[in-house]
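Listed below, chain by chain, are the residues.
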Amino acid sequence: MKDKAIIITGAAMGLGYATAKELASRGANLTLVDFNSDVLLDTVKKELSALYPSSTFISVKADVSKELEVKNYVDQTVKTFGKIDGLYNNAGIAGGPSEMTEYDMDLFKKVIEINLMGVYYGMRYTIPEMKKRNFGRIVNVASTAGIRGVFNMAPYVSSKHAVSGITKSAGIEYGQFNILTNAIAPGAILTPMLADVLKKINPVDPKAAEKAQSANNPTKRLGLPEEVAKFVAFLIAEENSYINGQTIAIDGGESQIFGTF
Ligand SMILES: NC(=O)c1ccc[n+]([C@@H]2O[C@H](COP(=O)([O-])OP(=O)(O)OC[C@H]3O[C@@H](n4cnc5c(N)ncnc54)[C@H](O)[C@@H]3O)[C@@H](O)[C@H]2O)c1
């Protein structure tokens, strides 16, 4: 991926961080975006710059739910690299678990603003740049919760189904410009976000919650961020030449289960 310019949102930890490492190891130049403290994002930038000195890394602090901040990370990328080859639209939040009719309205709107509007703004500002060069690869992050329902997680489930929907729209509108847009639907992947969820399920023994979750999976284990990163690296590279508009599960097959017998 030498000379490719890729934007990664939510790059400070979890799936974004793992993908940044994977793409950097393949020679890509990266714009690392996160709203988390400058310190954390800058640490990632320093780590990658030390490991891969022939690539260029910039970090831009941005909240993906703020349109002007998204425009800024896109402008900074074009200013530095002169183009955008790929966008990994990954930043997202889970929102807390709560019954739908009792859900905190402000939190509901926040989940939609980050998970859906953040993904939309990213595409809104990068696609015109990609169109100029008749090339682009976009990977949006949905979830198994964008394919199936999850008890007491209505905003998250709604937002991730919407990510899958907007991915189909982008795929069919921009395929003609060699801009291929896909979504991934990770299952339970061991990141800081999942650690939080497991702590909420069983505050006394989160490991027991992890074990219970693993038992439901055909592979009897949870996924690793590096396993997701490898597939994202394929989808966001030129190597992917005909997969477009899809939502692809990375969940050990869990979303294919129906029934318990
Ligand atoms: N971990 C899982 O099991 C899992 C499963 C399915 C989908 N996902 C999705 O994968 C994506 C990444 O999740 P993760 O598990 O790595 O989460 P994480 O919480 O470990 O990391 C997310 C990163 O995104 C950043 N971020 C959050 N909101 C942001 C915003 N508004 N603007 C900029 N940065 C923001 C955070 O600061 C953090 O660095 C999310 O969209 C999540 O919904 C995760």
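Quick caveat, the model's predicted, so the values are computed rather than measured.

So, how was this worked out
- Residues numbered from 1 in each chain as written.
- Predicted model: local features only at pLDDT ≥ 70, side-chain atom pairs only at ≥ 80, totals over all residues.
- Heavy atoms only, no water.
- Helix = DSSP H or I, 4+ residues; strand = E, 2+ residues; numbered from the N terminus.
- Buried < 20%, exposed > 50% of the residue type's maximum accessible area, 1.4 Å probe, protein only.
- Lys, Arg positive; Asp, Glu negative; His and termini not counted.
- Salt bridge = Lys/Arg side-chain N within 4 Å of Asp/Glu carboxyl O.
- Contact = heavy atoms within 4.5 Å.
- Near = heavy atom within 4 Å.
- Areas by Shrake-Rupley, 256 points an atom, 1.4 Å probe, with all protein chains shown as cover.
- Nonpolar A, V, L, I, M, F, W, Y, C, P; charged D, E, K, R; others polar.
- Domains from an automatic or database assignment.
- Axes fitted to C-alpha atoms, helices over the stretch in contact; angles between N-to-C directions.
- Parallel < 35°, antiparallel > 145°, perpendicular 65-115°, else oblique.
- Left-handed = near helix turned anticlockwise from the far one by under 90°.
- Core = buried A, V, L, I, M, F, W, Y, C linked by side-chain atoms within 4.5 Å.
- pLDDT = per-residue confidence, 0-100.
- Pairing = 2+ DSSP bridges.
- Right-handed = clockwise from strand over helix to strand, strands pointing away.

On to the side chain of Asp34. Positionally, Asp34 belongs in strand S2 (residues 29-34). Salt bridges are absent for the buried Asp34, whose nearest opposite-charge side chain, Lys61, sits at 8.8 Å. Other than its neighbours up to four places away in sequence, Asp34 contacts Gly10, Ala11, Ala12, Met13, Leu41, Val60, Lys61 and Ala62.

Let's shift gears to the site of the ligand. Of all residues adjacent to the ligand, which total 28 residues, the nearest are Leu15, Asp34, Tyr156, Ile189 and Thr191. Here the ligand loses 95% of its free accessible area of 830 Å² to cover by the protein chains. Looking at the shell around the ligand, the elements that each hand over two or more residues are helix H1 (14-25), helix H5 (154-174) and helix H6 (192-201). Tallied by class, residues from the shell around the ligand come to 17 nonpolar, eight polar and three charged. When we break the shell around the ligand down by domain, the ones giving at least three residues each are domain 1 (5-187 + 224-253) and domain 2 (189-222).

Further remarks concern the packing of H1 against helix H2 (residues 38-51). At their nearest, the axes of H1 and H2 sit 11 Å apart, and the two run at 20 degrees to each other. Overall, the two elements H1 and H2 adopt an arrangement that is roughly parallel. Crossing of H1 against H2: the hand is right-handed. On H2, the residues that touch Tyr17, Ala20, Lys21 and Ala24 of H1 are Val44, Glu47 and Leu48.

Turning to the nonpolar core, a few remarks are in order. Counting residues in hydrophobic clusters, the biggest one holds 27 residues, and the most contacted among them are Tyr73, Leu87, Met123 and Ile138. Residue assignment for this core shows that the elements contributing at least two residues are strand S1 (5-9), strand S3 (57-61), helix H3 (67-81), helix H4 (105-133), H5 and strand S6 (179-186). Counting residues per element, this core draws most heavily on H4, at seven residues. Sequence-distant contacts of Tyr73, that is, excluding residues within four places in its chain, are made with Ile7, Thr9, Thr31, Val33, Val60, Ala62, Val64, Leu87, Asn89 and Gly122. Counting 26 residues, the second-largest nonpolar core is a separate cluster that includes Ala24, Leu41, Val139 and Leu235.

Glancing now at the packing of H1 against helix H8 (residues 225-235). When two helices pack together, their arrangement is given by the angle between the helix axes and the distance between those axes. At their nearest, the axes of H1 and H8 sit 8 Å apart, and the two run at 55 degrees to each other. Relative to H8, H1 is oriented oblique. Crossing geometry of H1 relative to H8 is assigned as right-handed. Judged by residue contacts, Gly14, Leu15, Ala18, Thr19, Glu22 and Leu23 of H1 engage Pro225, Glu226, Val228, Ala229, Lys230, Val232 and Ala233 from H8. Taken together, the residues of the contact of H1 with H8 break down into eight nonpolar, two polar and three charged.

Turning our attention to the confidence of the model for the chain. When pLDDT is averaged along the chain, the result is 96; 100% of the residues meet or exceed 70. Least confident of the elements in the chain is H6, whose mean pLDDT is 90; most confident is S6, at 99.

For the rest of this paragraph, the subject is the pairing of S1. Counting buried positions over the five residues of S1 gives five, a clear majority of the element. Because side chains alternate across S1, one face comprises the buried residues Ala5, Ile7 and Thr9, and the other comprises Ile6 and Ile8, equally buried. Pairing geometry for S1 and S2, over five bridges, is parallel. The residue of S2 that forms the bridge with Thr9 is Val33. You can see the chain leave S1, run along H1 and come back into S2, and the turn it takes is right-handed. Relative to strand S4 (residues 86-89), S1 is paired through three bridges, and the arrangement is parallel. Across the sheet, the residue bridging to Ile8 is Tyr88, located in S4.

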